[in-house]
Amino acid sequence: DAGVIQSPRHEVTEMGQEVTLRCKPISGHNSLFWYRQTMMRGLELLIYFNNNVPIDDSGMPEDRFSAKMPNASFSTLKIQPSEPRDSAVYFCASRPTGDRYEQYFGPGTRLTVT
Amino acid sequence: AQSVSQHNHHVILSEAASLELGCNYSYGGTVNLFWYVQYPGQHLQLLLKYFSGDPLVKGIKGFEAEFIKSKFSFNLRKPSVQWSDTAEYFCAVKGNTDKLIFGTGTRLQVFP
């Protein structure tokens, strides 16, 4: 199993530009989670999907952030326009449906907005 | 609302020393509890998990954790740490939703 796949691994962009982060969950996993990790705020859940449907987006910081899951094998997190304070590592995680499973994390995308 | 507290923000140990990292949570219902580890520059990996049954849970790399329901605690232990255990450790709780609530993490540095 390839695990959760994220791309790109590193992204450097200028303030005001659109950024799209991509995630491919583990095949057969029905839940997908987007997290942001910073030194100041630690690990924050941004949004999660069950069966491609957004369930809880209360962690999305503001309207500049949006996430989609068009099918079971692909999700995107978009920031438009990006700001320097969005600089962080963004992790995607997936898990199978059911209570007795942990989340499996991807390698993360390190985003730097200058 | 669920929350997780990790009281030790930074722990420094010598190799072979014993380790205990504290984790307390607030949630009145049935919980699932997890410890994840993040090695420098890497993603989070599961160390161990508790769902039900024996409150003493054994994980990978010699780690264990004990669920004490009356204290709302799930402390992580290892009798003898190694330099390779240098990492950040996160406690997490899952209640009656799919969300994992993470603590702020504990940075462990082990010196040879």
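Our structure's up above, just so we're on the same page.
A brief structural summary. (Residues numbered from 1 in each chain as written. Chains lettered and ligands numbered in written order. Predicted model: local features only at pLDDT ≥ 70, side-chain atom pairs only at ≥ 80, totals over all residues. Heavy atoms only, no water.)

1. Looking at the nonpolar core
All names here are of chain B.
- Trp35, Leu48, Leu76 and Tyr89 are the most contacted members of the largest nonpolar core, which totals 29 residues.
- Going through the elements one at a time, strand E2 (10–14), strand E3 (19–21), strand E5 (32–38), strand E6 (44–50), strand E8 (64–68), strand E9 (73–78), strand E10 (87–94) and strand E12 (106–111) are the ones with two or more residues in this core.
- Per element, the largest residue contribution to this core is four residues, and it comes from E10. (Core = buried A, V, L, I, M, F, W, Y, C linked by side-chain atoms within 4.5 Å. Buried < 20%, exposed > 50% of the residue type's maximum accessible area, 1.4 Å probe, protein only. Helix = DSSP H or I, 4+ residues; strand = E, 2+ residues; numbered from the N terminus.)

2. Things to note about the interface of chain B and chain A
- Contacts between the two partners involve 19 residues from chain B, matched on the other side by 21 residues from chain A.
- Both faces combined, the contact of chain B with chain A buries some 1700 Å², and carbon together with sulfur accounts for 53% of it.
- Counting the contacts that link chain B with chain A gives three salt bridges.
- Here chain B and chain A share six residue pairs in polar contact (both at pLDDT 80 or more) between them.
- Put simply, the parts of the chain that give the side of chain B that touches chain A at least two residues each are E5, E6, E10 and strand E11 (100–102) of chain B.
- Here the side of chain B that touches chain A gets four residues from one element, more than from any other, and that element is E5 of chain B. (Contact = heavy atoms within 4.5 Å. Buried area = accessible area lost by both parts, 1.4 Å probe. Salt bridge = Lys/Arg side-chain N within 4 Å of Asp/Glu carboxyl O. Polar contact = N/O pair within 3.5 Å; in protein donor to acceptor, adjacent residues only side chain to side chain.)

3. Considerations on the sheet that holds strand E1 (residues 5–7) of chain A
Residues and elements named next belong to chain A.
- One open sheet holds the four strands; their spatial order is E1-E3-E8-E7, and the pairing between them is antiparallel. The sheet is open, and its two edges are formed by E1 and strand E7 (65–71), each paired on a single side. Mean inter-strand twist for the sheet, computed between neighbouring axes without regard to direction, equals 15°. (Pairing = 2+ DSSP bridges. Axes fitted to C-alpha atoms, helices over the stretch in contact; angles between N-to-C directions.)

4. Regarding the state of the cysteines
All names here are of chain A.
- Applying the stated criterion to the full structure yields two disulfides over all chains.
- The residue that forms a disulfide with Cys23 is Cys92, at a sulfur-sulfur distance of 1.9 Å. The disulfide joining Cys23 to Cys92 has a torsion of about -70° about its S-S bond and is therefore left-handed. Taken together, the residues Cys23 in strand E3 (residues 19–24) and Cys92 in strand E9 (residues 88–95) connect sequence positions 69 residues apart. (Disulfide = S-S within 2.5 Å.)

5. Some details on the layout of surface pockets
- As a volume, the largest pocket reaches approximately 700 Å³.
- Contributing to the lining of the largest pocket are 30 residues, with Gln37 and Met39 of chain A together with Gln38, Glu88 and Arg107 of chain B lying nearest its centre.
- Looking at the lining of the largest pocket, the elements that each hand over two or more residues are strand E4 (31–38), E9 and strand E11 (109–113) of chain A together with E10 and E12 of chain B.
- Here the lining of the largest pocket is composed, by residue class, of 10 nonpolar, 15 polar and five charged. (1 Å grid on protein atoms, 1.4 Å probe; cavity = no way out; pocket = protein on both sides within 12 Å on 5 of 7 lines; lining within 4 Å. Points joined across faces, edges and corners; volume = space filled by probe spheres on them. Nonpolar A, V, L, I, M, F, W, Y, C, P; charged D, E, K, R; others polar.)

6. Some details on the environment of Leu33 of chain B
All names here are of chain B.
- Within the element layout of this structure, Leu33 appears in strand E5.
- The buried category is assigned to Leu33, whose relative accessible area is 0%.
- Between the alpha carbons of Leu33 and Gln2 there is a distance of 12 Å; along the sequence they are 31 residues apart.
- Excluding residues within four positions of it along the chain, Leu33 makes contact with Tyr25, Leu48, Lys49, Tyr50, Phe67, Phe74, Ala92 and Val93.

7. Focus: the pairing of E12 of chain B
Residue and element names in this part refer to chain B.
- Burial along E12 is one-sided: the residues Thr106, Leu108 and Val110 are buried and none of Arg107, Gln109 and Phe111 is.
- Sheet topology note: the E2/E12 ladder contains five bridges and is parallel. Within E12, the residue paired with Ser14 across the bridge is Phe111.
- Pairing analysis gives three bridges linking E10 to E12, with the strands arranged antiparallel.

8. Observations regarding unusual backbone geometry
Residues and elements named next belong to chain A.
- The peptide bond linking Ser7 to Pro8 adopts the cis configuration, its omega dihedral lying at -10°.
- Here Pro8 lies in the loop between E1 and strand E2 (10–13).
- Note the cis peptide between Gln80 and Pro81, where omega equals -5°.
- With respect to the helices and strands, the residue Pro81 is situated in the loop between strand E8 (74–79) and E9.
- Of note in this structure, Asn52 is not a glycine but carries a positive phi near 75°.
- Within the secondary structure, Asn52 sits in the loop between strand E5 (42–50) and strand E6 (53–56).

None of the figures reported here should be taken as evidence of function without further support.
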